[in-house]
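A structural walkthrough
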Amino acid sequence: MVGMPHPEPRHHAATTTVAAGRPTSVPDAPMNTPLVPASTFVAGGEREYGRYGNPTWAAFEEVVGELEGGSAVMFSSGIAAVAAALGTIAPGGRVVVAHQSYAGTHALLDDLAAHGALGVTRIDVTEADAFTRALDDEGDGTGGATTGEPGAVCLWLESPANPTMEVVDIQTITRAAHAAGARVVVDNTFATPLRQRPLDLGADLVVHSATKLLAGHSDALAGVAVARDEQLHQRVLSHRSTHGAVPGILEAYLATRGLRTLAVRLDRAESNARMLAERLSMHPAVDRVRYPGFGTLCSFEPSGGADAAHRVVMASALVRVSTSLGGVESSWERRRRWPAEPATVPEGLIRLSVGIEHVDDLWSDIERALGAA
Ligand SMILES: *Cc1c(COP(=O)(O)O)cnc(C)c1O
């Protein structure tokens, strides 16, 4: 049921990915929720118009809502979900965000700040207590993190962070944020609800780029925001209806279909990533490897800086050179090729998104690319 939170999971997450979001089990019911092309519905029900809801979206929302333990709202992209989460902040509110966050989120925050909609305080997540100091009502100049602006109304967390893989203690930081009166949003794209359930750790809102691991096949753009609090869920829902960042039904169908295999894809890709991170860290041409110990993303820096990193990524035959992540196929890129990437990301950092291929083939390709460069 749309809008019904599920704080207690009924099944293990691997079962939920398969069992939730299906039509009621009656004779001749289809196994899967069909694609429903509808710009409007017969009046008198919950949906009314195609911008307010769709059964194909609802299937995806039911699965993700149950996985995260809240009520999910699907969007046309991850950044649309990010925008809706930021849209719940009162005008002029201040957002505290780590430098170590997705570049597109920074770009959107800059845009909102330039229009006076929000204030933004950026902190370094590797600095102990940076978050809690930035939550202060007024900057006192001692920490360098505070700005003298009013207290933060929103703390934006990404863990593991894109692309530098820092992990934050969501529970502890959330407690401090709530004590300071700030709402906490967690971008859970990298961990997925199978590795981390931020709402259980106290967060108010979870967002995902479902384009990545949730859909998992690099064939659809989608996003989702999940809240446990019904009022917050309604605000996110109303943001989608009024701003119109609605998913297409094909994307919704593909995303739900992708979710069905999330648990096995994640297990396989994670075990590959763990092995590759280990082998990379023993390779003489690699200066530094960042792998948080779980998940399918691994960043590393070959010796020789940006030029060497560029040569390495261009020398692969199996690992695709492309942005984005979380697909069944492995891909990599030098992140600083993007002008919007924060300068705190090293010039030579390569972000490797590990897929579900055989790990020996991946390692042969990577080892050869490192040798060629
Ligand atoms: C890709 C990404 C987004 C944005 O999602 P889109 O689907 O590309 O709009 C947001 N957060 C993180 C961590 C991402 O990797």
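Residues numbered from 1 in each chain as written. Predicted model: local features only at pLDDT ≥ 70, side-chain atom pairs only at ≥ 80, totals over all residues. Heavy atoms only, no water.

**A closer look at the layout of surface pockets**
Counted only if it meets this: Both cavities and pockets are sets of points on a 1 Å grid over the protein atoms alone; in a cavity a 1.4 Å probe fits but cannot get out, in a pocket the set is open with protein on both sides within 12 Å along at least five of seven lines, and lining residues sit with an atom within 4 Å of a point. Grid points are joined across faces, edges and corners, and a volume is the space filled by probe spheres set on the points. Secondary structure elements follow DSSP: runs of H or I no shorter than four residues count as helices, runs of E no shorter than two count as strands, and numbering proceeds from the N terminus. Three categories are distinguished: nonpolar for Ala, Val, Leu, Ile, Met, Phe, Trp, Tyr, Cys and Pro, charged for Asp, Glu, Lys and Arg, and polar for the others, with Gly belonging to the last. What fixes the domain bounds is an automatic or database domain assignment.
Of the volumes computed, that of the largest pocket is approximately 410 Å³. Lining the largest pocket are 27 residues, and of these Tyr102, Gly104, Asn162, Ser209 and Lys212 sit closest to its centre. Of all the secondary-structure elements, those providing two or more residues to the lining of the largest pocket are α3 (78–87), α4 (103–114) and β6 (205–209). Its residues assigned to classes, the lining of the largest pocket comprises ten nonpolar, eleven polar and six charged. A domain-level breakdown of the lining of the largest pocket finds at least three residues from each of domain 1 (13–259) and domain 2 (262–372).

**Some remarks on the sheet that holds strand β7 (residues 223–227)**
The condition that has to hold: Strand pairing is assigned whenever DSSP detects at least two bridges linking the two strands. Axis definition: a line fit to C-alpha positions, over the contact stretch in the case of helices; interaxial angles, taken between N-to-C directions, run 0 to 180 degrees. Every residue pair with non-hydrogen atoms within 4.5 Å of one another is taken to be in contact.
On the basis of which strands lie adjacent, the open sheet formed by seven strands has the order β1-β7-β6-β5-β4-β2-β3 and mixed pairing. A strand with exactly one partner marks an edge of an open sheet, and here the two such strands are β1 (71–75) and β3 (119–123). Across this sheet, the average inter-strand angle for adjacent strands is 20°, counted without regard to direction. Across five bridges, the pairing between β1 and β7 is antiparallel. When the bridges of β7 are listed, Met74 appears paired with Val224. On the sheet, helix α7 (residues 230–243) packs against β1, β5 (183–187), β6 and β7 and is oriented at approximately 15° with respect to β1.

**Some details on the UniProt feature "modified residue: N6-(pyridoxal phosphate)lysine" (unreviewed entry) in the protein chain**
Counted only if it meets this: UniProt positions are given in the numbering used here, feature names are shortened, and annotations may be inferred rather than shown by experiment.
Listed under "modified residue: N6-(pyridoxal phosphate)lysine" (unreviewed entry) in the UniProt record, and renumbered for this structure, are Lys212. Here Lys212 is to be found in the loop between β6 and β7. Filtering out sequence-adjacent residues up to four positions away, Lys212 remains in contact with Thr189, Ser324, Leu325 and Gly326.

**Overview of the environment of Val82**
Following the sequence through the fold, Val82 ends up in helix α3. Sequence separation between Val82 and Val224 is 142 residues; the distance between their C-alpha atoms is 8.6 Å.

**Describing the site of the ligand**
Counted only if it meets this: Each residue is tested against the molecule or strand, and it is near if at least one of its non-hydrogen atoms lies within 4 Å. Polar contacts here mean pairs of N or O atoms no more than 3.5 Å apart (in protein, one a potential hydrogen donor and the other a potential acceptor; neighbouring residues in sequence count only if both atoms are side-chain atoms). Per-residue and other accessible areas were derived by the Shrake-Rupley procedure at a 1.4 Å probe size, with only the shown protein chains allowed to occlude residues. Each molecule is assigned to a cavity or pocket provided more than half of its atoms lie within 2 Å of the corresponding grid points.
Lining the immediate environment of the ligand, one finds 13 residues, of which Ile79, Asp187, Ser209, Thr211 and Lys212 sit closest. Between the ligand and the protein, one listed contact pairs an oxygen atom with a backbone N or O atom of Ile79 at 2.8 Å. Thr211 places a side-chain nitrogen or oxygen 2.6 Å from an oxygen atom of the ligand. Taken by itself the ligand offers 380 Å² of open surface, and the protein chains cover 93% of this. The cavity where the ligand resides is the largest pocket. When its residues are assigned to classes, the shell around the ligand shows four nonpolar, six polar and three charged.

**Some details on unusual backbone geometry**
Where we set the bar: Classification of residues uses two cut-offs on accessible area relative to the type maximum, computed with a 1.4 Å probe and protein chains only: under 20% is buried, over 50% is exposed, and between them is partly exposed.
For the bond running from Ser159 to Pro160, omega is -10°, close enough to zero to count as cis. Along the chain, Pro160 turns up in the loop between β4 (152–158) and α6 (170–179). The phi dihedral of Ser218 falls on the positive side, at around 55°, and the residue is not glycine. Examined against the element boundaries, Ser218 turns out to sit in the loop between β6 and β7. The class for Ser218 is partly exposed, based on a relative accessible area of 49%. Its identity is not glycine, yet Ser324 carries a phi of approximately 75°, on the positive side. Looking at the element boundaries, Ser324 is found in the loop between β10 (320–321) and β11 (331–334).

**Things to note about the domain arrangement of the protein chain**
Our working definition: By convention, the term buried area covers the 1.4 Å-probe accessible surface removed from two parts as they join, with the contributions of both added. Salt bridges, as used here, are contacts in which a Lys or Arg side-chain nitrogen is within 4 Å of a carboxyl oxygen on Asp or Glu.
Segmentation of the protein chain into domains returns domain 1 (13–259) and domain 2 (262–372). Placing a centre on the C-alpha atoms of domain 1 and another on those of domain 2 gives a separation of 26 Å. In this complex, domain 1 contributes 28 residues to the contact, which on the side of domain 2 involves 28 residues. For the pairing of domain 1 and domain 2, the buried interface totals around 2,300 Å² over both sides, and the portion due to carbon and sulfur atoms is 66%. Counting the contacts that link domain 1 with domain 2 gives two salt bridges. Across the salt bridge formed by Arg195 and Glu270, the nearest N and O atoms sit 2.9 Å from each other. Scanning the region where domain 1 abuts domain 2 turns up ten residue pairs in polar contact (both at pLDDT 80 or more).

**Some thoughts on the pairing of β4**
Sheet faces and side chains relate simply in a regular strand, where the side chains alternate between the two faces. In plain terms, the rule: Look down the strands so they point away from you; if going from the first strand over the helix to the second traces a clockwise path, that crossover is right-handed.
Most of β4 sits out of view: six of its seven residues are buried. For strand β2 (residues 94–98) and β4, the ladder comprises four bridges, and the chain directions are parallel. Counted as the bridge partner of Val95 is Cys154 from β4. Here β4 runs beside β5; their pairing, made up of five bridges, is parallel. The residue of β5 that forms the bridge with Leu157 is Val186. Taking the sense of rotation as the criterion, the β-α-β connection linking β4, α6 and β5 turns out right-handed.

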